[in-house]
Amino acid sequence: MASQAFSILILLLSAIYVSDAAGSVGVNYGRVANNLPSPDKVVQLLKSQGITKVKIFDTDPAVLSAFANSGISLVVCLPNEQLATAAGDQSFADGWVQDNILKYYPATKIEAIAAGNEIIGATVTEETKSLVPAMKAIQASLVKFKLDSDIKVSSPIAMSCMGSSYPPSAGSFKPELVDAAIKPMLDFLKQTGSYLMVNVYPFFAYEGNSNQISLDYALFKENPGVVDSGNGIKYHSLFDAQLDAVFAALSALKFDDMKVVVTETGWPSAGDASEYGAGLANAVTYNGNLVRRVLSGKGTPLRPKDPLSVYIFALFNENQKPGPTSERNYGLFYPNMQSVYTIPLSQQELNGNFSPPPTTANNDTGGVTRISGQTWCLANPNVNQQKLQEALDYACGNGGADCGPIQPNGACFDPNTLVAHASYAFNSYYQKNVRMSGSCVFAGAAYVSMQSPCT
């Protein structure tokens, strides 16, 4: 019995190690919209997608209650507008923690509190000056209620706080921000065993410099690479380069071992004409390849042994977000919970259901072609019928697949089975999207094959 128990312990520890070593992918659940599903339905959607880590931008009671006993870990937020009050009034901080954390924890698995969002950005503001005092006040409250060992306090920084990010090895924070907020915050994070949150958007860098930055480089696609003139490292993705610039900036301030979590990253599926790079195909490629990159377990060139932890922005398209069109089109899902596009979101979906992007594009736009060496997208006969039907409905509906041939009297109506019809629809969607990475997943209901669905 002792030997068996020891073996089970080893297996459990191994599972924990593998999970940690594989990196983690979460999602941002924003709610700047008037047409979103109820929080309890959102929790069910997240669980159906295998998503176990979520970041929200407030502490809405209905949301916190919906996540109770879900097994999903939450990062919650102390809003920007409450930082100054928390910084100057410990009783306010105590009350906030009581009402928004203690009331729900541990049934709701809150793992961190983000003090504001992008308070540390391009310039020093009054909010910047309140940030660290507010973080200290919230931390004091967590200590008071004996929650400090389980819940960490941090604050997401924007890449605009970088004084230099190219080449990555020369990464540095803006000098005026270092003494005002960055160094004090890093000291606080180190003292409390917390980590740095950073929002990284290759889309913004590409959009503003599309004449200098390769789109393939921004999308994790095959490319010649960019050599860092400072250390000779060749980068093949803008994301890695941006993150390593942050690591270099931390090293310059003697915080070489500071853990970093990417609390926002994503790519819009639509944008204004002036928003270069915004579009469905690029969103599919970026986010699909991001997941594949993170779950590979590999770190960046400067920190190769540190698995990545990221939160994709965002879960839904949010129709009331101000700004350009792209701001309302970062979602993985429409408010009706149909996918805007399909990418793997977990290791389970990734295994066997996610292929790298093609090295060269072609002009296949729909239907089934029969070119030698072609790949097709087929339905997974092992998933339950409800999941398969939902995926088929999406492919023929919002997905825009050509489903005419599987209608009665259509060329591919027979065999008249759900699996056969789903295979045809999935493949139509796959070919329409130029066999892009992530376009043959359908939440695990599909896989890539060398066999045509209609022969």
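Residues numbered from 1 in each chain as written. Predicted model: local features only at pLDDT ≥ 70, side-chain atom pairs only at ≥ 80, totals over all residues. Heavy atoms only, no water.

- Under an unreviewed UniProt entry, the chain has the name glucan endo-1,3-beta-D-glucosidase and belongs to Hibiscus sabdariffa.
- Heading Sequence similarities (unreviewed entry) of the UniProt record for the chain holds this comment: "Belongs to the glycosyl hydrolase 17 family."
- Under Catalytic activity (unreviewed entry), UniProt gives the following word-for-word description of the chain: "Hydrolysis of (1->3)-beta-D-glucosidic linkages in (1->3)-beta-D-glucans." (UniProt positions renumbered as here; feature names shortened; annotations may be inferred.)

### Digging into the overall build of the chain
In step 1: What the chain contains, in helices and strands, is 14 helices and 15 strands.
In step 2: Within the chain, buried positions represent 53% of all 455 residues.
In step 3: In the chain, the proportion of contacts linking residues at least 24 apart, taken out of those at least 6 apart, comes to 73%.
In step 4: As displayed, the chain offers around 19600 Å² of accessible surface, 52% of which is attributable to carbon and sulfur atoms. (Helix = DSSP H or I, 4+ residues; strand = E, 2+ residues; numbered from the N terminus. Buried < 20%, exposed > 50% of the residue type's maximum accessible area, 1.4 Å probe, protein only. Contact = heavy atoms within 4.5 Å. Areas by Shrake-Rupley, 256 points an atom, 1.4 Å probe, with all protein chains shown as cover.)

### So, the nonpolar core
Looking at soluble globular proteins, one finds that nonpolar side chains tend to be buried together.
In step 1: Counting residues in each nonpolar core, the largest one holds 125 residues, and the members touching the most others are V54, L196, F239, L250, F426 and F442.
In step 2: Residue contributions to this core peak at nine residues, all from helix 10 (residues 238-252).
In step 3: Sequence-distant contacts of V54, defined by excluding residues within four places in its chain, comprise V27, Y29, L46, F67, I72, S73, L74, V75 and Y311.
In step 4: V75, Y195, V261 and Y311 belong to the second-largest nonpolar core, a separate cluster that totals seven residues. (Core = buried A, V, L, I, M, F, W, Y, C linked by side-chain atoms within 4.5 Å.)

### A few points about the pattern of salt bridges
In step 1: For the structure on display, the rule yields 10 salt bridges.
In step 2: For E264, the salt bridge goes to K55, with nearest N and O atoms at 3.8 Å. Of this pair, E264 sits in strand 12 (residues 260-265) while K55 sits in strand 2 (residues 53-56), and the two are 209 residues apart along the sequence. For the residue pair E264 and K55, the accessibility class agrees, reading buried in each case.
In step 3: Here D240 and R293 are joined by a salt bridge, their closest N and O atoms 3.0 Å apart. (Salt bridge = Lys/Arg side-chain N within 4 Å of Asp/Glu carboxyl O.)

### Some points on the packing of helix 6 (residues 126-144) against helix 7 (residues 175-192)
Helix packing for two helices is described by the angle between their axes and how far apart those axes are.
In step 1: For the pair helix 6 and helix 7, interaxial distance at closest approach is 9 Å and the crossing angle is 15°. As judged from the angle between their axes, helix 6 and helix 7 are roughly parallel. By crossing handedness, the relation of helix 6 to helix 7 is classed as left-handed. Where helix 6 approaches helix 7, its residues T128, L131, V132, M135, K136 and Q139 are matched on the opposing element by A181, P184, M185, F188, L189 and T192.
In step 2: A per-class count over the contact of helix 6 with helix 7 returns eight nonpolar, three polar and one charged. (Axes fitted to C-alpha atoms, helices over the stretch in contact; angles between N-to-C directions. Parallel < 35°, antiparallel > 145°, perpendicular 65-115°, else oblique. Left-handed = near helix turned anticlockwise from the far one by under 90°. Nonpolar A, V, L, I, M, F, W, Y, C, P; charged D, E, K, R; others polar.)

### Remarks on helix 10
In step 1: The first and last C-alpha atoms of helix 10 sit 21 Å apart over 15 residues, in line with the 21 Å expected at 1.5 Å per residue.
In step 2: The element helix 10 is extensively covered by neighbouring structure, given that 13 of its 15 residues are classed as buried.
In step 3: Note on helix 10: the residue one or two positions beyond its end, K254, has a positive phi of about 70°. (Expected span 1.5 Å × (residues − 1).)

### Description of the pairing of strand 14 (residues 376-379)
A regular strand carries its side chains on alternate faces of the sheet.
In step 1: On strand 14, burial covers both faces: W376 and L378 on one face and C377 and A379 on the other are all buried.
In step 2: When strand 14 meets strand 15 (residues 446-449), the two strands line up antiparallel, connected through four bridges. The residue of strand 15 that forms the bridge with L378 is Y447. (Pairing = 2+ DSSP bridges.)

### Observations regarding the environment of E390
In step 1: Locating E390 in the fold gives a position in helix 13 (residues 385-396).
In step 2: Overall, E390 belongs to the partly exposed group, its relative accessible area being 44%.

### Re the confidence of the model for the chain
In step 1: Per-residue pLDDT for the chain averages 87, and the proportion of residues at 70 or more is 87%.
In step 2: In this model residues 1-20 is a low-confidence stretch, pLDDT under 50, and it forms one contact with partners more than four residues away in sequence or in other chains.
In step 3: Here residues 352-373 scores under 50 on pLDDT; set against residues more than four positions off or in separate chains, the count is 53 contacts. (pLDDT = per-residue confidence, 0-100.)

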